[in-house]
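One letter stands for each residue in the lines below.
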Amino acid sequence: MAGPIHYEIYVRKHANAEWSLLMAHEDRRHSIDTAEEIIRDKIAAAVKVTKEILDPVTMEFSSISVLRLGAPDPVRKKAKTEAPAGPACRSPAELYTVHARENLGHILEDWLRRQGVTAFELLHSPVLAERLDAAGVEVQHAIQKVAVPEAQATGQDLHGLLRLYQKLSDQTVEQIVKAGRRGDFVDPAIVPLAQIAENLQGDADRAFKMGGTIAHALNGLRGSRARLSALLDLCDQAPQEGTNRAMVMVPVEQILCEMLASSWNLPDLFGPSLDQGSTLAAVVRMVAPNEVAAIVAHDPRLAVMVPPVDGPGARLGERLAVGEFPLVASALAKMVLRELTSPRRLRPGDAEGEINILRALAMSLTAAAGRLLTLEEVQNAFIERSRLLVTADFVAAYVRGSSSVLEEAERLARLSDNVTGGSSKRAAARWLEACVSSLRFEAELCTNTIPPLHRLMALRRLQRTIEGAGLVGKSAENTTEALGRIGTKIAEESRVLSQIGKASAPVQQRLTVLLRLASADTAPVGKVNEMARSEAMRLMRLPETRQSLQAAPEALATLIPMLKSVGMAS
């Protein structure tokens, strides 16, 4: 005799991944529909559904494959051997490329963070170079982080790579220290920056020397606000045009890109009390101040959610608004997109606040689309973020604290309105369907002490939210039908329609209430609309109703549009 049965859905995220359990469900049709949606929405490369039957004697499950879609099981092949490549870097000059500086920033991230500097400054400051060289353990660990994976990937001799990169490190430090002793890096507090740029014209190493000069001006400064202010002061002192200005602005922009790309610099710049979502909103306001100001002027509620940017951040925003430092603006915009697509919560512990800040970010980034990012990039980022908003953990946190099942349904409806993307919309619709179709929802709505008309209006608001959220598919249809069915049950059990028809209120008022119910203005779409229409027709046929309307033609004139809307007048 077979025991309890359930269905398990397994997915492979990509073609070569292993199978992992996604969810289990007791309904076969629901499990199959979910698996088909996963493949249709390209959430996974492959999916399978298994039927799990419990043996009541041995208490073990036996599996039967029900459905398998997507990519076939991978065939493991032996990796082709390739000729070993040479070292990634061979000379100190190669460490000054953008790609090499990015790698250096990742490898030495902890040391750079403790010092409060960037990789650009390290490569242009004798003080920092000697300080790192003195910390022998840091250098050894950094070399190992590069050499070990490179040796494994290319087949090169590990000890040979270690010796090569140690020699490269020593040569780079020696080069920076010698330049400092020769006086190549001039202090802009002593010699005007414009004069320094003029003196470097025609020098083959002018980029290296100017970089060291800019780095020298930041020596001893701690905190992103002080360092950003110093860099902007250097921009104010730079030549106004020509190659001399470019000689100053290029290294400043490189330092800004590296400094602002590090998330640990942002709390000092915008305020340590801001959460991740508010910090991202402040970044967008700094990068696109004009666009955000226009949105805040149109919707003052955003002013509460988008923190103000002051001090050095506001000064930088003014320069970004006029087109200066395009690489900085692009890097910050890309950083915002990376954070939106990451699994990190924007407001941990406040699910409703997270939705609010996401709306503010969506409006701000959409307004700035075209100048910093394409509209497609913004849309894709919020589609990815929406996938996180319909997970079980987030939904549970979002509806936690609801005082009633009706409030829980209203929150789920609002969640449905705030997610984007086909798969997320369908997932939100399933959550809403599960809530509205539950016996708890129906029992609470039908036995609630709230007046019946108020309950009917609440059900209609839910239906309108579904319509406005663009929810489609079977789950959305089932939810709408369930709301209509519950509305009909409320009307039947409370007999509210007949009570309205027999009330002592004026005829015009009673007809107005019934016609609004019949036109699905204050009641959910369903049988209750026809019931209200029938009661309105019965009331219209009464002689006293006709006499009352004939005596007040202006009252009849206000009722005619509603009568037409429900097919009771031509």
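Residues numbered from 1 in each chain as written. Predicted model: local features only at pLDDT ≥ 70, side-chain atom pairs only at ≥ 80, totals over all residues. Heavy atoms only, no water.

The next subject is the side chain of E121. Its location among the elements puts E121 in helix α4 (residues 119-122). Separated by 3.0 Å, the side chains of E121 and T118 make a polar contact. E121 has contacts with L128, A215, L218, R227 and I255, leaving out every residue within four places of it along the chain. (Helix = DSSP H or I, 4+ residues; strand = E, 2+ residues; numbered from the N terminus. Polar contact = N/O pair within 3.5 Å; in protein donor to acceptor, adjacent residues only side chain to side chain. Contact = heavy atoms within 4.5 Å.)

In this section: empty space enclosed by the protein. Enumeration according to the criterion identifies one cavity of 30 Å³ or more in this entry. A volume near 80 Å³ is recorded for the largest cavity. What lines the largest cavity is V283, V284, V287, A288, L332, A333, V336, L365, A368, A369, L372 and L373. Residue assignment for the lining of the largest cavity shows that the elements contributing at least two residues are α13 (276-287), α17 (326-341) and α18 (351-368). Tallied by class, the residues present in the lining of the largest cavity amount to 12 nonpolar, no polar and no charged. (1 Å grid on protein atoms, 1.4 Å probe; cavity = no way out; pocket = protein on both sides within 12 Å on 5 of 7 lines; lining within 4 Å. Points joined across faces, edges and corners; volume = space filled by probe spheres on them. Nonpolar A, V, L, I, M, F, W, Y, C, P; charged D, E, K, R; others polar.)

Counted under the stated rule, the structure contains 31 salt bridges. Note that R426 and D41 form a salt bridge whose closest N and O atoms lie 2.1 Å from each other. Here R426, found in helix α22 (residues 422-436), pairs with D41, found in the loop between α1 (28-40) and β3 (46-54); they are 385 residues apart in sequence, far enough to count as distant. Owing to a relative accessible area of 17%, D41 belongs among the buried residues under this scheme. R387 is paired through a salt bridge with E384; the nearest N and O atoms lie 3.6 Å apart. Separated by three residues within a single helix, R387 and E384 lie in helix α19 (residues 375-389), roughly one turn from each other. Assessed through its relative accessible area of 26%, R387 is described here as partly exposed. By sharing partners, the salt bridges in this structure join D233, D236, R245, R315, R319 and E324 into a single network. (Salt bridge = Lys/Arg side-chain N within 4 Å of Asp/Glu carboxyl O. Buried < 20%, exposed > 50% of the residue type's maximum accessible area, 1.4 Å probe, protein only.)

Right, let's get into the packing of helix α14 (residues 289-298) against α18. Axis separation between α14 and α18 bottoms out at 9 Å; the angle between their running directions is 130 degrees. The orientation of α14 with respect to α18, classified from their angle, is oblique. Here α14 runs over α18; the crossing is right-handed. Contacts between α14 and α18 pair E291, V292 and I295 from the former with M363, S364, A367 and A368 from the latter. When the residues that make up the contact of α14 with α18 are grouped by side-chain class, the tally is five nonpolar, one polar and one charged. (Axes fitted to C-alpha atoms, helices over the stretch in contact; angles between N-to-C directions. Parallel < 35°, antiparallel > 145°, perpendicular 65-115°, else oblique. Left-handed = near helix turned anticlockwise from the far one by under 90°.)

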